[in-house]
Amino acid sequence: MPLDPARWKKLKARYEEDRPHRMLAFDGGGIRGLLTLGILEKIEAVIAAKTGQRLCDYFDYIAGTSTGAIIAAGLARGLSTAQLIDFYQANGKEMFEPSSLFNRFKFFYAADPLKARLQEVFGAATNLFPENLQCLLLVVAKNVSTDSPWPISSNPDAKYNDPARPDCNLKMPLWQLVRASTAAPVYFPPETLQWDPANPAKTFVFVDGGVTPYNNPAFLLYRMATESAYRLNWRASEKDLLLVSVGTGASESKGATAASPNKNLFSNVADLPGELMYGSVVDQDINCRTVGRCTFGAHLDREIIDLVPPIPLSTDLNRRFLYARYNADLSREGLDLLGFPKVDPASIQKLDAVENMDALLAIGRAAGKSVDPLHFGSFL
């Protein structure tokens, strides 16, 4: 189907081509985004070796929630994994350390160094129009003004991306969407975004998309690429669609027991954001493995195991997409298997422990060794 050159601009030729499409999705998880980048480093190397392409050239649609939105936005702008690692190492403390909360309030009406850094990396005037991005981008946030998840896509044909609309999504500053993606409840204040400066009713308050059901945005990305209401209408089959999903570490926590039902009452309140994220991540992963054909992924539980069919990829099972899920087990057993017996699981699972940056990157790189070109089937 021909695309409107006025809307798609430099991306028209790429997205008008009738071919299979490839998608990439990143979970939320605070400073644990460095673990994601450790895995992504291997994915980037595999793709470069096989195709010579950058991640933004190979993947047609990239999605992220919370810390994953920072990574997704960076890739869509053409950044490499190495550049994103440098960004996290230089700015992780300002983005995720709890003490930075006070600085965020202090700098609200003054020169905010994090704001300046985000504008420097993503561009002060950069918005979601196609001339500013190398591929399609999806960022998930939560609009607390309407109490609803807001998946904000750069698809030029989407209903709310019509340039004639005063509240067109594409007009939003990319750096501000990225900054809002760090607004995790408990840790940081919310972000206020003006969708239409001339209409006060279009000013909304946002918090981290990790508190929506889409802390893992992989299945949402599939829906928005294929469901006709979103106006992209990509074909869905094992040969037409690849979806790669990267986590920030699996960190199932142990709660109260029958013997001590109130033992973790107060700690459970403090751990609530992480537990909400874990539950939604697993649910979305299962959706992807049952609707799509999973080629790689960790065991989910003792009943359904990993849902990876023991059948060669040459046999088409008529699933909606090919799917690979990469993550790291941050339990005691999982860390031992990855070669980190001295890393404390309770510490490494925290979303804001910036002192763990080096360890998180190393754990991600160790988990990245599981990435195999065979998982990508005919797409590589």
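Residues numbered from 1 in each chain as written. Predicted model: local features only at pLDDT ≥ 70, side-chain atom pairs only at ≥ 80, totals over all residues. Heavy atoms only, no water.

Asks: What am I meant to see in the nonpolar core here?
Replies: Generally speaking, soluble globular proteins have nonpolar side chains that are buried together. Ranked by size, the top nonpolar core spans 102 residues in total, and within it I43, F59, Y61 and Y88 carry the most contacts. Residue contributions to this core peak at 8 residues, all from helix α3 (residues 33-51). (Core = buried A, V, L, I, M, F, W, Y, C linked by side-chain atoms within 4.5 Å. Buried < 20%, exposed > 50% of the residue type's maximum accessible area, 1.4 Å probe, protein only. Helix = DSSP H or I, 4+ residues; strand = E, 2+ residues; numbered from the N terminus.)

Asks: What is the right way to read the pairing of strand β9 (residues 322-326) from this model?
Replies: The buried count for β9 comes to 5 of 5 residues, which makes it a mostly enclosed element. Alternating positions in β9 separate into two faces, L322, A324 and Y326 on one and Y323 and R325 on the other, with burial throughout. Strand direction decides the pairing type here: strand β7 (residues 241-246) and β9, joined by 5 bridges, are parallel. By the bridge assignment for β9, V246 is matched with Y326. Judged from the 3 bridges that link them, strand β8 (residues 293-296) and β9 form a sheet pairing that is parallel. Residue pairing across strands places C294 opposite Y323, the latter belonging to β9. (Pairing = 2+ DSSP bridges.)

Asks: Quick question: what am I supposed to make of the pairing of strand β4 (residues 148-153) here?
Replies: Within a regular beta strand, the side chains point alternately toward one face of the sheet and then the other, so they alternate between its two faces. Relative to β4, strand β3 (residues 136-143) runs antiparallel, the two being bridged by 6 bridges. Following the sheet pairing, L138 is matched in β4 by S153. What sits between β3 and β4 in their antiparallel hairpin is a turn of 4 residues, with D147 showing a positive phi close to 55°.

Asks: Just checking my understanding: could you explain the state of the cysteines for this structure?
Replies: Two cysteines, two sulfur atoms, one covalent bond between them: this is a disulfide. One pass over the structure, following the stated rule, counts 0 disulfides. Just so you know, C56 is unpaired, no disulfide at all, and the nearest cysteine sulfur is the one on C135, 5.9 Å from it. (Disulfide = S-S within 2.5 Å.)

Asks: Honestly, the packing of α3 against helix α15 (residues 357-367) in this entry has me stumped. Any pointers?
Replies: Packed helix pairs are characterised by how far apart their axes lie and by the angle those axes make with each other. Packing of α3 against α15 leaves a shortest axis separation of 7 Å and a crossing angle of 35°. For the crossing formed where α3 meets α15, the hand is right-handed. Between α3 and α15, the contacting residues are L34, L35, L37, G38, I39 and E41 on the first element and M357, L360, L361, I363, G364, R365 and A367 on the second. Residue composition of the contact of α3 with α15, grouped by class: 9 nonpolar, 2 polar and 2 charged. (Axes fitted to C-alpha atoms, helices over the stretch in contact; angles between N-to-C directions. Left-handed = near helix turned anticlockwise from the far one by under 90°. Contact = heavy atoms within 4.5 Å. Nonpolar A, V, L, I, M, F, W, Y, C, P; charged D, E, K, R; others polar.)

Asks: Can you walk me through the side chain of E238 in this structure?
Replies: Examined against the element boundaries, E238 turns out to sit in the loop between α10 (218-226) and β7. Here L317 takes part through its backbone nitrogen, which lies 2.9 Å from a polar atom of the side chain of E238. Within polar-contact distance, the side chain of E238 engages the backbone nitrogen of N318 at 3.1 Å. Among all residues touching E238, those that are not within four sequence positions of it are R293, T315, D316, L317, N318, R319, R320, F321, L322 and F379. (Polar contact = N/O pair within 3.5 Å; in protein donor to acceptor, adjacent residues only side chain to side chain.)

Asks: Quick question: what am I supposed to make of the packing of aromatic side chains here?
Replies: For any pair of aromatic rings, geometry is given as the distance between the ring centres together with the angle between the planes. A complete count under the given rule lists 15 aromatic pairs for this structure. Judged by centre distance (5.9 Å) and plane angle (75°), the ring pair of Y61 and W234 falls under edge-to-face. A residue pair is termed long-range when its members are at least 10 positions apart, and Y61 in strand β2 (residues 61-65) and W234 in the loop between α10 and β7 qualify at 173 residues. Each member of the pair Y61 and W234 is classed as buried. One cation-aromatic arrangement involves R22 over Y58; the distance from NZ or CZ to the ring centre is 4.1 Å. (Phe/Tyr/Trp six-rings, centres within 6.5 Å; stacked < 30°, edge-to-face > 60°. Lys NZ or Arg CZ within 6 Å of the ring centre and 35° of its normal.)

Asks: Which parts of the structure should I look at to understand the pattern of salt bridges?
Replies: Close approach of charged atoms allows side chains of opposite charge to pair. Tallied over the entire structure, the rule returns 21 salt bridges. When the shortest N-O distance is used, the salt bridge between R7 and D162 registers 3.3 Å. Residue R7 is found in helix α1 (residues 5-8), and its partner D162 is found in the loop between β4 and α9 (174-180); the two are separated by 155 residues along the sequence. The residue R165 makes a salt bridge to D167 at a minimum N-O spacing of 3.0 Å. Look at R165 and you get partly exposed, because its relative accessible area is 24%. Owing to a relative accessible area of 9%, D167 belongs among the buried residues under this scheme. A network of salt bridges, in which partner residues are shared, links R14, E17, R19 and D60. (Salt bridge = Lys/Arg side-chain N within 4 Å of Asp/Glu carboxyl O.)

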